[in-house]
Amino acid sequence: MKSLVIFDLDGTLLDTIADLGTATNYAMEQMGFPTHSLHDYRFKVGNGITKLIERALPDNHRDEATIERAREIFLGFYGTHNTDHSRPYPGIPELLSELTARGVKVAVASNKYHEATSRLVAHFFHDIPWTAVEGHRPGRPTKPSPQIVDDILRIAGITPGQTLYVGDSGVDMDTARAASLESVGVIWGFRPESELRDHLADRIATTPADILRYI
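Residues numbered from 1 in each chain as written. Predicted model: local features only at pLDDT ≥ 70, side-chain atom pairs only at ≥ 80, totals over all residues. Heavy atoms only, no water.

Participant: Before we move on, could you go through unusual backbone geometry and cite the residues and values that matter?
Facilitator: Cis geometry marks the peptide bond from K143 to P144, where omega comes out at 20°. As for its placement among the helices and strands, P144 is situated in the loop between β5 (132-136) and α6 (147-156). One non-glycine residue, S180, adopts positive backbone phi at about 65°. With a relative accessible area of 56%, S180 lands in the exposed category. In the Ramachandran plot, L200 falls in the positive-phi region, its phi being about 65° despite a non-glycine side chain. (Helix = DSSP H or I, 4+ residues; strand = E, 2+ residues; numbered from the N terminus. Buried < 20%, exposed > 50% of the residue type's maximum accessible area, 1.4 Å probe, protein only.)

Below, the structure written as structure tokens:
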């Protein structure tokens, strides 16, 4: 039995695409650039806010200064609107409650900047005794670098062999493999099942309840 489950946040625990897309489109509008459909943002997220902004900008406007300005506008908007439309996926609150009731530790490892990660987890899952909630921090590489996972394992005092990693993207599956963790790819998130399989997910979950069978 696993002692720790580490979850990605966006596309795994929470459906955040509407708020992420709206905030990015706001930044694009403020700078006079074209916007994108919310559906398109499913394939722009996953590697942190800076990469999201870069992908949203026109190809010929992806210089460092433009990315930074758009990022500042995004952060100003998203900081006050990141819970407007975001919601836990069906079955996720029940899964987290059952895991903790069984004595399994739970943690979050996200490429979203740390302040927003902490705020969203506290807002939607305030009753869960999280072992660690880690977003992207300056100076720490984003996933698929395993550093965020290594930090969580150190906090939890748990070995990789006792840990399950759950996410919705190829980045997550690569992160798990880099950290020597067993991975579960979830198909209710932002990326297709084919991406999860292409990135060598150890297991596939079609519902949150499936994860209980994998611990």
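Participant: Break down the packing of aromatic side chains for me, with residues and values.
Facilitator: Scanning all chains against the criterion turns up 4 aromatic pairs. Ring centres 4.6 Å apart and planes at 25° place the aromatic pair Y26 and F77 in the stacked group. Here Y26, found in helix α1 (residues 17-30), pairs with F77, found in helix α3 (residues 64-81); they are 51 residues apart in sequence, far enough to count as distant. Seen in terms of ring centroids, F125 and W130 are 6.1 Å apart; in terms of plane orientation they differ by 65°. Their pairing is edge-to-face. A relative accessible area of 1% means that F125 is categorised as buried. Through a chain of ring-to-ring contacts, three or more aromatic side chains come together here, namely F74, Y78 and Y113. (Phe/Tyr/Trp six-rings, centres within 6.5 Å; stacked < 30°, edge-to-face > 60°.)

Participant: Describe the pattern of salt bridges, with residues and values.
Facilitator: Counting across every chain of the model gives 17 salt bridges. Note that R102 and E98 form a salt bridge whose closest N and O atoms lie 2.8 Å from each other. Given a relative accessible area of 32%, E98 falls into the partly exposed group. One salt bridge connects D210 with R213, and the closest N-O pair in it is separated by 3.4 Å. Here D210 and its partner R213 are both found in helix α9 (residues 208-214), 3 residues apart, which amounts to about one turn of the helix. In this structure R213 comes out as exposed when scored by relative accessible area, which is 60%. Within this structure, E134, R137, R140, D151 and R154 form a network of salt bridges that share partners. (Salt bridge = Lys/Arg side-chain N within 4 Å of Asp/Glu carboxyl O.)

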